[in-house]
Amino acid sequence: MSPLARPALDPELAALLGVMPLIPEITPEILTQLRRLPSTPIEELLGTRAVDRREVVVAATDGTDIALTILSPVDARAAAPCVYWMHGGGMIMGDRYSQLDIPLEWLDATGAIVVTVDYRLAPEHPGTIPVEDCYRGLCWIAEHSDELGIDPARIVVAGTSAGGGLAAGITLMARDLGGPAILAQILSCPMLDHGNASTSSRQYSGEPAVWTRETNAFAWNAVLAELPTDRIPAYVSPSSAGDLSGLPPTYIDAGSAEVFRDEDVDYATRIWAAGGQAELHVWAGGCHGFDSLFPHAELAVAARRTRTDWLARILNPTGAHTSGPGGRGHGRAGFSPLR
């Protein structure tokens, strides 16, 4: 059978990908190697931002410690908005600092306090553990909003790739369990559907890419290893939710040249069908994660700016948008432990 035709990559992204060591699929051995790669130090990510940093340990439902990092503009206003960030990595790799430059841009633009969570990873911690860890972090933020200087009515959950899927999962949990309140969700190229059978999934199979159908299958198999195949919770695989009504305003974006394109478009379509509000952007020529891999590429700049502008409108619906505190060049980052 001949391979499916694919949308062309953006020329700038194609050139950048041409020098990347892409693989057709992740194996257990490759996963071990990828996990050994050093992550960007938090100090480098913060740069010269005037940010207070606090480290928190929260008990998961089984008593395991979950680490949260709280990043607040030093001159944050009282009752500031909060962005709760879930990192990407297929639920099999990454840490709470992965792709953190994205929500730090929102801190700069809106003055939002950013909280990022170190949820446990599959295959060591499969099933509902990753999403339950993320939900526990959300509950902790809401319970401690006064202490943190957060407006509990302005908590936005957000993530990229697997983190986008987890953000969708905890939004469904919050709806079904009666809270905490979520103002909006930002799902960037989210990993939503364990079925892995869409046209876009089949298009990106058999050849090296940032994220292939084969790698997607490996990641989902790691997550679902201990779950019965006929009872996959929607909180783990949000596309399997039968009801997408009652969700907060949702921002979804993806590239046209990636595995998750079709499941992301379908999720937005089903939110509209249920009477909800969703803003959908499919960036022509974008590969998976292009905005985090190549933040200075022209398409990435446009995608990141559009997402930030949407968040600013959500946080300031009257249109009184002003650049928030915590921007680059305004001082140094501090550190204080909080347990």
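A brief report on the enclosed structure follows.

Conventions adopted
Residues numbered from 1 in each chain as written. Predicted model: local features only at pLDDT ≥ 70, side-chain atom pairs only at ≥ 80, totals over all residues. Heavy atoms only, no water. Helix = DSSP H or I, 4+ residues; strand = E, 2+ residues; numbered from the N terminus. Rg over C-alpha atoms; globule rule 2.2 N^0.38 Å. Buried < 20%, exposed > 50% of the residue type's maximum accessible area, 1.4 Å probe, protein only. Contact = heavy atoms within 4.5 Å. Core = buried A, V, L, I, M, F, W, Y, C linked by side-chain atoms within 4.5 Å. Phe/Tyr/Trp six-rings, centres within 6.5 Å; stacked < 30°, edge-to-face > 60°. Salt bridge = Lys/Arg side-chain N within 4 Å of Asp/Glu carboxyl O. Axes fitted to C-alpha atoms, helices over the stretch in contact; angles between N-to-C directions. Parallel < 35°, antiparallel > 145°, perpendicular 65-115°, else oblique. Left-handed = near helix turned anticlockwise from the far one by under 90°. Nonpolar A, V, L, I, M, F, W, Y, C, P; charged D, E, K, R; others polar. Polar contact = N/O pair within 3.5 Å; in protein donor to acceptor, adjacent residues only side chain to side chain.

Structural notes on the overall build of the chain
Right, on to step 1. A count of helices and strands for the chain gives twelve helices and nine strands.
Right, on to step 2. Radius of gyration (C-alpha) of the chain: 19 Å, near the 20 Å computed for a compact globule of 339 residues.
Right, on to step 3. Each principal axis of the C-alpha distribution contributes one length, and for the chain these read about 60 × 45 × 45 Å.
Right, on to step 4. Of all 339 residues assigned to the chain, the portion counted as buried reaches 53%.
Right, on to step 5. For the chain, contacts bridging at least 24 residues in sequence account for 78% of all contacts bridging at least 6.

Description of the nonpolar core
Right, on to step 1. Ranked by internal contacts, the top residues of the largest apolar core, which has 65 residues, are Tyr84, Met86, Leu138, Ile170 and Tyr267.
Right, on to step 2. Ranked by the residues each element gives to this core, the list is headed by helix α7 (residues 162–177), at eight residues.
Right, on to step 3. Apart from the residues lying within four places of it in its own chain, the contact partners of Tyr84 are Leu68, Val115, Val117, Asp133, Cys134, Gly137, Leu138, Ile141, Val156, Val157, Ala158 and Ile170.
Right, on to step 4. The next biggest cluster of nonpolar side chains, apart from the first, holds 23 residues, and it includes Leu100, Leu104, Ala158 and Ile186.

A word on the packing of aromatic side chains
Right, on to step 1. The final tally for this structure, using the stated rule, is two aromatic pairs.
Right, on to step 2. Between Trp85 and Trp106, the ring centres sit 5.9 Å apart and the planes meet at 75°, which makes this aromatic pair edge-to-face. Of this pair, Trp85 sits in strand β3 (residues 80–86) while Trp106 is found in helix α4 (residues 101–110), placing the two residues 21 residues apart along the sequence. For the residue pair Trp85 and Trp106, the accessibility class agrees, reading buried in each case.
Right, on to step 3. Note on Tyr251 and Trp310: the rings are 5.4 Å apart at their centroids and 55° apart in plane angle, and the pair reads as tilted.

Considerations on unusual backbone geometry
The bulk of non-glycine residues show a negative phi, and the bulk of peptide bonds are trans.
Right, on to step 1. Here the bond from Ala122 into Pro123 is cis, since omega is 5°, no more than 30 degrees from zero.
Right, on to step 2. Inspection of the secondary structure puts Pro123 in the loop between β4 (113–117) and α5 (129–143).
Right, on to step 3. Following Gly179, the chain continues to Pro180 via a peptide bond in cis, the omega torsion being 0°.
Right, on to step 4. Within the element layout of this structure, Pro180 appears in the loop between α7 and β6 (184–188).
Right, on to step 5. One non-glycine residue with positive phi stands out, namely Met91, at about 65°.

A word on the pattern of salt bridges
Right, on to step 1. Scanning the model with the defined rule gives 19 salt bridges in all.
Right, on to step 2. Across the pair Glu207 and Arg6 runs a salt bridge whose closest N-O atoms are separated by 3.7 Å. Here Arg6 lies in the segment before α1 (11–17) and Glu207 lies in the loop between α8 (199–203) and α9 (213–224), a separation of 201 residues in the sequence.
Right, on to step 3. Between Glu143 and Arg136 there is a salt bridge, with its nearest N and O atoms 3.8 Å apart.
Right, on to step 4. A cluster of three or more residues bridged by salt bridges with shared partners is formed by Glu43, Arg53, Glu55, Arg96 and Asp118.

Quick look at the packing of α4 against helix α12 (residues 298–315)
Right, on to step 1. Here α4 crosses α12 at 50°, and the two axes come no closer than 10 Å. Compared by their axis directions, α4 and α12 come out oblique. Read as a crossing pair, α4 and α12 show a hand that is right-handed. Each of Asp101, Ile102, Glu105, Trp106, Ala109 and Thr110 in α4 lies in contact with α12, whose residues at this interface are Arg304, Arg307, Thr308, Leu311, Ala312 and Leu315.
Right, on to step 2. Of the residues assigned to the contact of α4 with α12, the class counts are six nonpolar, two polar and four charged.

Side note on the side chain of Thr212
Right, on to step 1. By the secondary structure assignment, Thr212 is in the loop between α8 and α9.
Right, on to step 2. Within polar-contact distance, the side chain of Thr212 engages the backbone oxygen of Pro24 at 2.5 Å.
Right, on to step 3. Setting aside residues no more than four positions away along its own chain, Thr212 makes contact with Ile23, Pro24, Glu25, Tyr204, Glu207 and Val259.

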